There are 2 protein chains.
Amino acid sequence: QYFTLLVCFLHIEHSDFPTGRNMLRDWVAIESDSSNVQKRPELHRMMETVAQKLRLMGGTVQLVDIGEQELPDGQTLELPKVVTAQFGNVSSKHTVCIYGHVDVQPAKLEDGWATDPYNLTEINGNLYGRGASDNKAPVLAWIHAVEAYQALSMDLPVNVKFVIEGMEETGSNGLDAMIMAQRDTFFSEVDYIIISDCGWLSRRPALTYGTRGNCYFFAEVQDLHSGVYGGTVIEPMTDLIGILDTLISPSGKILIPGIREAVAPLSDEEWKMYQDIQFDMDNYKNKIGVNQLMYSNKVDLLAHMWRYPTVSIHGIEGAFSDPGSKTVIPAKVTAKFSIRQVPDMDPAMVKKQVTDYLHSVFAKRRSPNKLKVTMVIGAKPWLADTHHPLYEAGKAAIKRVFNTDPDLIREGGTIPIARTFQDVTGKSIIMMPIGGFDDGLHSQNEKMSRYNYIEGTKLFIAYLNEVSQIKRTSV
Amino acid sequence: QYFTLLVCFLHIEHSDFPTGRNMLRDWVAIESDSSNVQKRPELHRMMETVAQKLRLMGGTVQLVDIGEQELPDGQTLELPKVVTAQFGNVSSKHTVCIYGHVDVQPAKLEDGWATDPYNLTEINGNLYGRGASDNKAPVLAWIHAVEAYQALSMDLPVNVKFVIEGMEETGSNGLDAMIMAQRDTFFSEVDYIIISDCGWLSRRPALTYGTRGNCYFFAEVQDLHSGVYGGTVIEPMTDLIGILDTLISPSGKILIPGIREAVAPLSDEEWKMYQDIQFDMDNYKNKIGVNQLMYSNKVDLLAHMWRYPTVSIHGIEGAFSDPGSKTVIPAKVTAKFSIRQVPDMDPAMVKKQVTDYLHSVFAKRRSPNKLKVTMVIGAKPWLADTHHPLYEAGKAAIKRVFNTDPDLIREGGTIPIARTFQDVTGKSIIMMPIGGFDDGLHSQNEKMSRYNYIEGTKLFIAYLNEVSQIKRTSV
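Quick caveat: nothing in here was measured; it's all calculated off a predicted structure. (Residues numbered from 1 in each chain as written. Chains lettered and ligands numbered in written order. Predicted model: local features only at pLDDT ≥ 70, side-chain atom pairs only at ≥ 80, totals over all residues. Heavy atoms only, no water.)

A look at unusual backbone geometry
Negative phi is the rule for most residues except glycine; trans is the rule for most peptide bonds. The linkage connecting Asp134(B) with the following residue, Asn135(B), adopts the cis geometry, with an omega of 15°. Of note, Asn135(B) is situated in helix H3 (residues 132–151). Geometrically, the link from Pro343(B) to Asp344(B) is a cis peptide bond, its omega value of 5° lying close to zero. Among the structural elements, Asp344(B) can be located in the loop between strand E13 (332–341) and helix H9 (347–365). At Ser153(A), a position not held by glycine, the phi torsion is positive, near 55°. When you line up the elements, Ser153(A) lands in the loop between helix H3 (132–151) and strand E8 (159–165). Since its relative accessible area comes to 69%, Ser153(A) is described here as exposed. (Helix = DSSP H or I, 4+ residues; strand = E, 2+ residues; numbered from the N terminus. Buried < 20%, exposed > 50% of the residue type's maximum accessible area, 1.4 Å probe, protein only.)

Some points on the sheet that holds strand E11 (residues 213–222) of chain A
All names here are of chain A. Judged by pairing direction, the sheet is antiparallel, and its 4 strands sit side by side in the order E12-E13-E11-E14 without closing on themselves. Each edge of the sheet is formed by a strand with only one pairing partner; in this case those strands are strand E12 (311–317) and strand E14 (370–379). Averaged over all adjacent pairs, the angle separating strand axes in this sheet is 20°, with direction ignored. Of the pairings in the sheet, the one linking E11 to strand E13 (residues 332–341) comprises 10 bridges and is antiparallel in character. Looking at E13, one finds that valine 221 is bridged to valine 333. (Pairing = 2+ DSSP bridges. Axes fitted to C-alpha atoms, helices over the stretch in contact; angles between N-to-C directions.)

Overview of the side chain of Arg410(B)
Residues and elements named next belong to chain B. When you line up the elements, arginine 410 lands in strand E16 (residues 407–411). A polar side-chain atom of arginine 410 sits 3.1 Å from a polar atom in the side chain of glutamate 270. Leave out the neighbours within four places in its chain, and arginine 410 touches Thr208, Tyr209, Gly210, Glu270, Tyr274, Trp306, Arg307, Pro343 and Leu383. (Polar contact = N/O pair within 3.5 Å; in protein donor to acceptor, adjacent residues only side chain to side chain. Contact = heavy atoms within 4.5 Å.)

Structural notes on the interface of chain B and chain A
With 76 residues of chain B at the interface, the matching set in chain A holds 76 residues. Between chain B and chain A the total buried area reaches about 6100 Å² when both faces are included, carbon and sulfur atoms providing 54% of it. Taken together, the links from chain B to chain A amount to 18 residue pairs in polar contact (both at pLDDT 80 or more). Sort the elements by how many residues they give to the side of chain B that touches chain A and strand E12 (residues 311–317) of chain B lands first, with 7 residues. Split by residue class, the side of chain B that touches chain A holds 35 nonpolar, 28 polar and 13 charged. (Buried area = accessible area lost by both parts, 1.4 Å probe. Nonpolar A, V, L, I, M, F, W, Y, C, P; charged D, E, K, R; others polar.)

Section: the relation of the copies chain B and chain A
Note on the copies: chain B fits chain A at an RMSD of 0.1 Å, the axial shift is 0.1 Å, and the rotation between them is 180°. Both copies of the chain, as the preceding transformation shows, are related through a two-fold rotation axis. Ranked by how close their C-alpha atoms come to the rotation axis, the residues of chain B are headed by Ile241(B), at 3.0 Å. An overlap of 99% is found between the interface residues of chain B and their copies at the interface of chain A, pointing to a shared contact surface. (Least-squares fit on C-alpha atoms with pLDDT ≥ 70 in both.)

Things to note about the domain arrangement of chain A
Interface size, as often reported, equals the accessible area lost upon joining of the parts. Residues and elements named next belong to chain A. In terms of domain boundaries, chain A breaks down into domain 1 (2–211 + 381–468) and domain 2 (214–264 + 307–379). The C-alpha-based centres of domain 1 and domain 2 are spaced at 34 Å. Each partner contributes residues to the interface: domain 1 has 7 residues there, and domain 2 has 7 residues. The largest share of the area that domain 1 buries against domain 2 comes from Pro381, Arg410 and Thr414, three residues that together contribute 72% of it. Summed over the shared surface of domain 1 and domain 2, the result is 1 residue pair in polar contact (both at pLDDT 80 or more). For the side of domain 1 that touches domain 2, a count of residues per class yields 3 nonpolar, 3 polar and 1 charged. (Domains from an automatic or database assignment.)

Some remarks on the side chain of Arg365(A)
When you line up the elements, Arg365(A) lands in helix H9 (residues 347–365). Excluding anything up to four places from it in sequence, Arg365(A) contacts Thr238(A), Asp239(A), Gly242(A), Ile243(A), Asp245(B) and Pro250(B).

What to know about the pattern of salt bridges
Residue and element names in this part refer to chain A. Applying the stated criterion across every chain yields a total of 45 salt bridges over all chains. A salt bridge links glutamate 270 to arginine 307; the nearest nitrogen and oxygen atoms lie 2.9 Å apart. Of this pair, glutamate 270 sits in helix H6 (residues 268–276) while arginine 307 is found in the loop between helix H8 (298–306) and E12, placing the two residues 37 residues apart along the sequence. For glutamate 455, the salt bridge identified is with lysine 458, shortest N-O distance 3.0 Å. You can see glutamate 455 and its partner lysine 458 sitting in helix H12 (residues 450–468), 3 residues apart, about one turn around the helix. Residue glutamate 455 is classed as buried on the basis of its relative accessible area of 10%. Residue classification places lysine 458 among the buried positions, given a relative accessible area of 8%. (Salt bridge = Lys/Arg side-chain N within 4 Å of Asp/Glu carboxyl O.)

Considering the packing of aromatic side chains
Inspection of the entire model under this criterion finds 18 aromatic pairs over all chains. Through pairs of rings, three or more aromatic residues link up here, namely Tyr99(A), Phe186(A), Phe187(A) and Phe421(A). Over the face of the ring belonging to Phe186(B) we find Lys161(B), whose NZ or CZ atom lies 4.2 Å from the ring centre. Just above the ring of Tyr308(B) sits the side chain of Arg307(B); from NZ or CZ to the centre is 5.2 Å. (Phe/Tyr/Trp six-rings, centres within 6.5 Å; stacked < 30°, edge-to-face > 60°. Lys NZ or Arg CZ within 6 Å of the ring centre and 35° of its normal.)

Laid out in structure tokens, this is it:
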């Protein structure tokens, strides 16, 4: 068995990589930006491309209609269909369901990309392109893993299902309802759900056992004055800057009452786990290119990345944002900020805390302008047990491919789907990343390294084998 | 004489308006946005269109090469030529020089325009379009004034020169040098300079005797981290919001040390002048659409519009500014803000005050990020004597056309060219607006009313006649 897998690995490394890279190039070339309604035809084409690939591999494939989305202007737009597929249906085997997404964040060359974001470009072993790491290459790596077994005419050790969506980057519109609707059909035979929509912490492979949630807010300050009257009215930008400045202290402390109090205290066991993670602070600083981090020791730093909330101010809509020196005084400005959610925060409570706080701060300014605060996303955090058989299988697969123990990590970002799968299906979930720590998800110059793409595919091949050996306890 | 002018007025009103409107439509249709380098060919076409019009009227026209501009990326771009023209060269007559510009601010339908900004649209007597009031219709009104004399085969009562530029909205790049170069040639025979690049205060016609200057700043906060590390670094946006919030108090007070101290005190005479202006606070509030102004009495309000500095925050480049909910954490953000300048402020001193202040505020934050403050525009204020014969002639022309005394006003905005003309040529300058108080310069839905366009043309006709009667004192 191990020999066969080894052959399979070599096969990938020496002959399949160009094929894999070309497939990734084709996928990256499709501008499947789910936030841009003008790109919706591309997104539909992307889903069809995924479905066609899985069909050609012999899977049982469905393009599931998940309805329409309502736009802010009241118009409706067809959502990209969700692709489901099944390979193998042997009742004696476990069934894993692999979740991934093939939509991407917006990307424009002028954002600071060194290469065309939709033309996959290999430089020094890195494959640059929007969506390369988030999440197209990981989805393809799973496909390659199934193909590897097929290429060697080996039976898959487990039944493999896929759920591939196209709205992840804008909040997985329509997916929750689809999961709910298929809970007792497509998902009923599923034993385990695998998500690879995340990344490593260092050059060591990782297993991810938690993600932060996210509450995303719009704070809009509006006035109706015309732009030429500087000096006679309180400008909305002044008010907006003023209230935004009350969210966070200069040292990064969240100032909204009640937020920090809701966070579960750090247990001794957790502290020990964090201590055990191989993580070099200086190395990390160098790698992400900053001189100074907010915390000077490893546990504090990791804890603040993963298990404490953070507030980020993303930008302001309606103000002057182009290059140059326009003197416009905008009449309506909307700040976008988000608060990462951790146990035991509750988005409904956070919504109230933020809204009440900003209105009280704004009231103190005695401004003639109007403030409107809305929470547009309220996603809960997710946590798994790192001693679950699914994680033990993951550790074994990593040991086999990389000859090391994994970093057991959490994700500072938000992958709401993990929480949804847990809440709706009740199945066990593992997050198994293959993306590099420096892949630049959501940023300019996103990439997936050739190394991670190839070794990641091997890991998935090995993991399917390890999962097949999990003992059934409750069957 | 008066009878002839009356005939001329009627002629304009009943037959020339459609012609004038069509000309304005043609001019507005040219996207002469001087801040957008991609529109530079349009800008060149605009200058050629102006030159051709003046040539067809029999003027002596030059397209003056003013060189190139250097772009931030180091590339160079040809500046739009300055159009000069001369009508009449009779040494016994006064010579006026009319300054105007035909470049415009940026405008996009999605900024909130009710109509296509580059398709002049008449609604209820208003002509909507980018540049309609700032400054294309006023330039055309001066052209129509000359045409009116020509149509009636009347000699112009004064020699008329034109200086029309195409870079006003981005700081009149190249114009200062051109004025300097032609000080002893084109400008040597000029007696008076007339600028109509401004607007009225109310429905009453106005003469403008002062403008504020402007110091425009970029404050850039930069970090090199990637976007996925929320919680481990101090985000540049947090720092930027923090320092911007130290510029202005909630009630609108400027907090930068030294700025307010430099302002010339309000004299008793000035206070009396402000008292005499017919200005209804409630009316003004209704017209600009706000519930509450920063000052509750007329003198305070007008003084703060015209003769006190203000700080406006225009926006942030580099942050997320589109609709929707992207979670990007920008690594480099640049705030744009400006401080209107009044006597006795000095832009060089303001630059130092602002830079020192922001760096000291930033230092207190103990942030690992980098701050860079630059002043990209430093324009001085301008003030004229309202008892000068040029202003007395203006009052007489307004009396003749509108049968009222003018509001004697200042301009809260910045028209640096007035100051330049004064400093370089030493000639007397008048600002004679015909734009309405609610024309929305630099904003969406900019317009010029049919009434102001027609009556403004009449005013210019009458004004040329009044200026011709100014007694030569020093010749």
